[in-house]
Protein chains: 2
Amino acid sequence: MMHIIDLITKKRDGHTLNQEEISFLIHNYTQGKIPDYQMSAFLMATYFNQMTDEEATFLALAMRDSGDSIDLSSIKGIKVDKHSTGGVGDKVTLILGPLLASLGVKFAKMSGRGLGHTGGTIDKLESIPGYQVEIKVEDFIQQVKDIGIAIVGQSGDVAPADKKLYALRDVTATVDVIPLIASSIMSKKLASGADAIVLDVKVGHGAFMKTEEEAVKLAKLMVEIGRLAGKQMTAILTGMDEPLGHKIGNGLEVFEAIETLHGKGPKDLVEVTVEIGAHLLLDAKIESDFKRAKERLNQALKDESAFLKFVELVKAQHGDVSVLYHPESLLSEKVEQVIALSDGYIMDINALDIGKAAMRLGAGRETKEDKVLLDVGVDLHQKIGSKVKKGDVLATLYVRDKGIEEAKELILNAITIGQEHKTLQLIKKTIK
Amino acid sequence: MMHIIDLITKKRDGHTLNQEEISFLIHNYTQGKIPDYQMSAFLMATYFNQMTDEEATFLALAMRDSGDSIDLSSIKGIKVDKHSTGGVGDKVTLILGPLLASLGVKFAKMSGRGLGHTGGTIDKLESIPGYQVEIKVEDFIQQVKDIGIAIVGQSGDVAPADKKLYALRDVTATVDVIPLIASSIMSKKLASGADAIVLDVKVGHGAFMKTEEEAVKLAKLMVEIGRLAGKQMTAILTGMDEPLGHKIGNGLEVFEAIETLHGKGPKDLVEVTVEIGAHLLLDAKIESDFKRAKERLNQALKDESAFLKFVELVKAQHGDVSVLYHPESLLSEKVEQVIALSDGYIMDINALDIGKAAMRLGAGRETKEDKVLLDVGVDLHQKIGSKVKKGDVLATLYVRDKGIEEAKELILNAITIGQEHKTLQLIKKTIK
């Protein structure tokens, strides 16, 4: 008979738990048979003694098995998925999905809503009137079979153990534990049914991982967990020192995604999207050469085939397709501007504070219960390295009636103008 | 506004908490405003990052202040107390109290009941028919004023925070944390109202502290806590590699205490009692020379003055004094013997297993609700270093009708007979 106190002691003393022990722990915790106060002691011991790759994998598997998994096996071919650890202005999924599908990749995606300063794909898509995010699993699978793509909300009860554990970590100072972060993310990815997964691990002051060292650790561990669970895995480390692209906010990000799908996207956003896409094109065995994969992706952005796939997706999920041809309707008509107070180069744009500014305007949630405004947000006119003059417009704010002054102040303080002309490296590392 | 999550984080990150923070923690935990799951995360962080002497002192004070303290200030002179960290056959208090009182020291003692393999002073005294352990505080104080001694059960609600915290530590693998052990013991000692305290820290395989290194750490910290709280403190480290004296069990220990009070006690028991007594005689300013203090204590054992004080104590607390003159009536009439199976020297007597044997016979409690049998136990005829022949009696068991075969086997296995003639050092260290 296994006892929780022995498992706490084992972790406390730096020993390794086997799969049976970790399953026991998670199963009984989810069932309410192990109380929170014992689990929190285990979590704090894990903070200090960490976990081996195997333990983190067993944890991810046990949490996956605590709830529903999606079975995509009836869809022919290699199914792909991507995951971002969360950054400001990250609308990659909106572009990548149609782009890959236009090249024949099966993109069956369940996405989450946003919390805090990073937006959720599902909230963004809901800014398209009529777009249905709640779809029955059979219909979801049928849609991928029919048009190669579906992007829907989480259905069923995915990894309830992770939800319960995360809530406990949040109040016991055990959030910042890399094996716990990795297994939390991977428990949900492993439930998603994809064969190949690219992880976009954000690093920088606008991301959860502040240093490259931490980000590499997390990326390697997630790749290892996925691989041990039988998935084809790639992780890329990308900078989140400034927001991705120019636009932050639900409708604004769909607007920028549409521009990008027309081949007119901002350089950084295109670069990350094409990089992830190229890995998945290879994983899906549609292309064998990385350089040629990138060329094909860029081509599909330019020749409208990616955009047309997006139109197909929105139509299939009952969205109003007309707005895709008039994306300015996604934005609030009331605008405000933030003006540069001095001359120089943009040296820093604190992504976290830009995200907060968008949230204050109503684009994000502070708590799970908050309703988001779909047409508000921030359009940054400058990126790090741009030259500006006093009086230039730094940002346009699309607003309703809340948080305007607060957002303006946040944005003004978030942007550092100085004399150094910086260039950033966006894609920092690839981990296979 | 203080937040518990910040305090957990502080301890997790190796910082030091101040008095206000520790008071907040303990006060709100006792009130139920901090949930167990946050406290257990704090405790596990403390396991890894330990506490400074000051933090442990603040913790002891906060736990003392969570409940009742005894005010002994109306009793003239210096009040003394002793505490043992718990060992098998430890009946020192039964002898030390009357002994010191016979020399004019004020001995106002609240004692606990036994749990597990170590017996409690209160259970032992209850083997004297009629002895009252529940006495009102006013009567307790009056008795010390009248005859210089009282030994009663815990009255009031002493350190409820410690009780709650200990119960949590017990189920979260955070018992073995020296600052938590030290502040737990000291919270109760500081509530006891004594001016001078001697701590008998047991070390060896029959004790909670298995190594001298740990025992020294614990002893030093408790001395420091007591001193920071204004008490006169001494700790001695004594061996618990074999039981103290010969007899284990409630009535049996009173029997051996009476023998010792008549000047006929076993060497090790007398040595520890006199050592502790000499420190307290100096602390109480009744004697200024340690050697002479020991001589006076030995004399009081030989000339019956200590025994007569014990008679006075038992009388004052309504016990049947006649049994003190016929202590054989404290023992069960049914006996069993354990016989040596080979020739040689006694090389080891596992105190823990001897304690368990007495418990199996009914002398101790496995859970708080168990009733103890007062007339059962173990009388060891041999000590480590004794020479025995095959067929010699190793121990006499005073039994009722339970646990006899189990106890016999435990005792036989606990005693190692071999060719090495060992001698033990009983008093290992004195810490002032």
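Residues numbered from 1 in each chain as written. Chains lettered and ligands numbered in written order. Predicted model: local features only at pLDDT ≥ 70, side-chain atom pairs only at ≥ 80, totals over all residues. Heavy atoms only, no water.

Enquirer: Before we move on, could you go through the overall build of chain A and cite the residues and values that matter?
Expert: What chain A contains, in helices and strands, is 17 helices and 13 strands. At 22 Å, chain A has a C-alpha radius of gyration in line with the 22 Å of a compact globule built from 432 residues. With the principal axes as the frame, chain A shows a C-alpha extent of 70 × 45 × 40 Å. For chain A, with 432 residues in total, the buried portion stands at 58%. Across chain A, contacts joining residues at least 24 apart in sequence account for 78% of those joining residues at least 6 apart. Carbon and sulfur atoms make up 49% of the accessible area of chain A, which totals about 17,200 Å². The distance from the centre of the 54 positive side-chain charges to the centre of the 62 negative ones in chain A is 3 Å. (Helix = DSSP H or I, 4+ residues; strand = E, 2+ residues; numbered from the N terminus. Rg over C-alpha atoms; globule rule 2.2 N^0.38 Å. Buried < 20%, exposed > 50% of the residue type's maximum accessible area, 1.4 Å probe, protein only. Contact = heavy atoms within 4.5 Å. Areas by Shrake-Rupley, 256 points an atom, 1.4 Å probe, with all protein chains shown as cover. Lys, Arg positive; Asp, Glu negative; His and termini not counted. Charge placed at Lys NZ, Arg CZ, Asp CG, Glu CD.)

Enquirer: Please provide a residue-by-residue account of the interface of chain A and chain B, values included.
Expert: Taken residue by residue, the interface counts 20 residues in chain A and 21 residues in chain B. Together chain A and chain B conceal approximately 1,700 Å² of surface at their shared face, both sides included; 69% is due to carbon and sulfur atoms. Looking at the side of chain A facing chain B, the largest losses of area belong to Arg12, Tyr37 and Phe48 of chain A, adding up to 35% of the total buried there. On inspection of chain A and its partner chain B, the count reaches zero salt bridges. Summed over the shared surface of chain A and chain B, the result is 11 residue pairs in polar contact (both at pLDDT 80 or more). (Buried area = accessible area lost by both parts, 1.4 Å probe. Salt bridge = Lys/Arg side-chain N within 4 Å of Asp/Glu carboxyl O. Polar contact = N/O pair within 3.5 Å; in protein donor to acceptor, adjacent residues only side chain to side chain.)

Enquirer: Just give me the short version of the relation of the copies chain A and chain B, but keep the residues and values in it.
Expert: After a rotation of 179 degrees and a shift along the axis of 0.0 Å, chain A superposes on chain B with an RMSD of 0.1 Å. What the superposition gives is, in effect, a two-fold axis relating one chain to the other. Closest approach to the rotation axis within chain A is made by the C-alpha atom of Tyr37 of chain A, at a distance of 1.9 Å. A shared binding surface is used by both copies, with 100% of the interface residues of chain A retained as interface residues in chain B. (Least-squares fit on C-alpha atoms with pLDDT ≥ 70 in both.)

Enquirer: How would you summarise the domain arrangement of chain A if you had to cite specific residues and measurements?
Expert: Considered domain by domain, chain A is made up of domain 1 (4–49), domain 2 (79–325) and domain 3 (329–418). Summarising the inter-unit geometry, the C-alpha centres of domain 1 of chain A and domain 3 of chain A are found 44 Å apart. (Domains from an automatic or database assignment.)

Enquirer: Give me the lowdown on the environment of Val198 of chain A, citing residues and values where you can.
Expert: Residues and elements named next belong to chain A. If you trace the backbone, Val198 turns up in strand S4 (residues 196–203). Remark: the alpha-carbon pair of Val198 and Val223, spanning 25 residues in sequence, is separated by 8.9 Å. Beyond its immediate chain neighbours, meaning those up to four positions away, Val198 contacts Asp81, Lys82, His83, Thr234, Ile276, His279, Leu280 and Asp283.

Enquirer: Kindly report on the packing of helix H5 (residues 92–102) of chain B against helix H12 (residues 267–283) of chain B, identifying the contributing residues and their values.
Expert: Pairs of packed helices are described in terms of their axes, by the angle between the two and the distance that separates them. Residues and elements named next belong to chain B. Relative orientation of the contacting elements H5 and H12 amounts to 45 degrees, with a least axis distance of 10 Å. Considering the angle they form, H5 stands oblique to H12. As for how H5 packs across H12, the hand of that crossing is right-handed. Of the residues in H12, those touching H5 at Val92, Ile95, Leu96, Leu99 and Leu100 are Leu269, Val272, Thr273, Ile276, Gly277, Leu280 and Leu281. Grouping the constituent residues of the contact of H5 with H12 by class yields 10 nonpolar, two polar and no charged. (Axes fitted to C-alpha atoms, helices over the stretch in contact; angles between N-to-C directions. Parallel < 35°, antiparallel > 145°, perpendicular 65-115°, else oblique. Left-handed = near helix turned anticlockwise from the far one by under 90°. Nonpolar A, V, L, I, M, F, W, Y, C, P; charged D, E, K, R; others polar.)

Enquirer: Give a detailed account of helix H16 (residues 351–361) of chain B, specifying residues and quantitative values.
Expert: Residues and elements named next belong to chain B. With eight of 11 residues buried, H16 is to be regarded as a mostly interior element. Every buried residue belonging to H16 is among Ala351, Asp353, Ile354, Gly355, Ala357, Ala358, Met359 and Leu361, and all of these are buried. Considering only its buried residues, H16 is in contact with strand S6 (247–248), strand S8 (344–349), strand S9 (377–380), strand S11 (393–398) and helix H17 (404–414). Sitting at the amino-terminal end of H16 is Asn350, which places a side-chain oxygen 3.0 Å from the backbone nitrogen of Leu352. Positioned one or two residues after H16, Gly362 has a phi angle of 115 degrees, which is positive.

Enquirer: Describe in detail the sheet that holds strand S9 (residues 377–380) of chain A, supporting the description with residues and values.
Expert: All names here are of chain A. In spatial order, the strands read S6-S9-S11-S7; together these four strands make up an open sheet with antiparallel pairing. Of all strands in the sheet, those with a lone pairing partner are strand S6 (247–248) and strand S7 (335–339), marking the two edges. Of the strand pairs in this sheet, S6 and S9 are connected by two bridges, and their pairing is antiparallel. Residue pairing in the sheet places Lys247 in a bridge with Asp379 of S9. Where helix H16 (residues 351–361) meets the sheet, it contacts S6, S9 and strand S11 (393–398), and its direction lies at approximately 140 degrees from that of S9. On top of the sheet, helix H17 (residues 404–414) reaches S7, S9 and S11; it is set at about 30 degrees to S7, its chief contact. (Pairing = 2+ DSSP bridges.)

Enquirer: Please provide a residue-by-residue account of the pattern of salt bridges, values included.
Expert: Residue and element names in this part refer to chain A. Enumeration over the complete set of coordinates arrives at 54 salt bridges over all chains. When the shortest N-O distance is used, the salt bridge between Glu295 and Lys291 registers 4.0 Å. Taken together, the positions of Glu295 and Lys291, both in helix H13 (residues 290–302) and four residues apart, correspond to about one turn of that helix. Exposure remark for Glu295: the relative accessible area of 45% places this residue in the partly exposed category. What you see here is one network of salt bridges that share partners, running through Asp81, Lys109 and Lys189.

Enquirer: Can you tell me about the packing of helix H2 (residues 19–30) of chain B against helix H8 (residues 160–170) of chain B, naming the residues and giving the values?
Expert: All names here are of chain B. H8 packs onto H2 with a crossing angle of 85 degrees between their chain directions and a minimal axis gap of 9 Å. Comparing the axis directions of H2 and H8 gives the class roughly perpendicular. For the pair formed by H2 and H8, the contact residues are Ile26, Tyr29 and Thr30 on the first element and Ala161, Lys164, Leu165 and Leu168 on the second. Class assignment for the residues of the contact of H2 with H8 results in five nonpolar, one polar and one charged.

Enquirer: Tell me about unusual backbone geometry, and please be specific about residues and values.
Expert: Residue and element names in this part refer to chain B. The phi dihedral of Gln50 is positive, around 55 degrees, even though this residue is not glycine. With respect to the helices and strands, the residue Gln50 is situated in the loop between helix H3 (36–49) and helix H4 (53–64). With a relative accessible area of 32%, Gln50 lands in the partly exposed category. Even without being a glycine, Ala173 presents a positive backbone phi close to 60 degrees. Here Ala173 lies in the loop between H8 and helix H9 (178–191).

Enquirer: Outline the side chain of Ser183 of chain A, listing residues and values.
Expert: If you trace the backbone, Ser183 of chain A turns up in helix H9 (residues 178–190). Separated by 2.7 Å, the side chain of Ser183 of chain A and the backbone oxygen of Pro179 of chain A make a polar contact.

Enquirer: Which residues make up the sheet that holds S9 of chain B, and what values do they have?
Expert: Residue and element names in this part refer to chain B. Strand order in the open sheet formed by four strands is S6-S9-S11-S7, and the pairing between neighbours is antiparallel. At either end of the open sheet lies a strand with only one pairing partner, and these are S6 and strand S7 (335–339). The strands touched by H16 are S6, S9 and S11; relative to S9, the strand with the most contacts, the crossing angle is about 140 degrees.

Enquirer: So what about the side chain of Arg12 of chain B? Which residues, and what values?
Expert: Counting through the fold element by element, Arg12 of chain B comes out in helix H1 (residues 4–12). Other than its neighbours up to four places away in sequence, Arg12 of chain B contacts Met44, Tyr47, Phe48 and Ala173 of chain A together with Ala45 and Asn49 of chain B.

Enquirer: Break down the confidence of the model for chain A for me, citing the residues and quoting the values.
Expert: Averaged over every residue, the pLDDT of chain A is 95; the share at 70 or more is 99%. Interface confidence in the predicted complex, given as ipTM, is 0.86; pTM for the same model is 0.88. (pLDDT = per-residue confidence, 0-100.)

Enquirer: Can you break down the packing of aromatic side chains residue by residue, with the values?
Expert: Counted under the stated rule, the structure contains five aromatic pairs over all chains. Note on Tyr47 of chain A and Phe48 of chain A: the rings are 5.2 Å apart at their centroids and 75 degrees apart in plane angle, and the pair reads as edge-to-face. The partly exposed category is assigned to Phe48 of chain A, whose relative accessible area is 22%. Members of the aromatic cluster, each reached through a chain of ring pairs, are Tyr47 and Phe48 of chain A together with Tyr47 and Phe48 of chain B. For Lys164 of chain A, the ring lying beneath its charged end belongs to Tyr29 of chain A, and the centroid distance is 4.3 Å. (Phe/Tyr/Trp six-rings, centres within 6.5 Å; stacked < 30°, edge-to-face > 60°. Lys NZ or Arg CZ within 6 Å of the ring centre and 35° of its normal.)

Enquirer: Can you lay out helix H3 (residues 36–49) of chain A for me, pointing to particular residues and giving the numbers?
Expert: Helix length check: H3 of chain A (14 residues) gives 20 Å between terminal C-alpha atoms against 20 Å at 1.5 Å per residue, within 8%. For H3 of chain A, the buried fraction is high: 10 of the 14 residues fall into the buried class. Tucked into the core, H3 of chain A has its buried residues touching helix H1 (4–12), helix H2 (19–30), helix H8 (160–170) and H9 of chain A together with H1 and H3 of chain B. Just beyond H3 of chain A, the residue with positive phi is Gln50 of chain A, at close to 55 degrees. (Expected span 1.5 Å × (residues − 1).)

Enquirer: Go over the environment of Gly104 of chain B, please, and point to the residues and values.
Expert: Assignment of secondary structure puts Gly104 of chain B in the loop between H5 and strand S2 (106–111). Separated by 254 residues in the primary sequence, Gly104 of chain B and Ala358 of chain B have C-alpha atoms spaced 35 Å apart.

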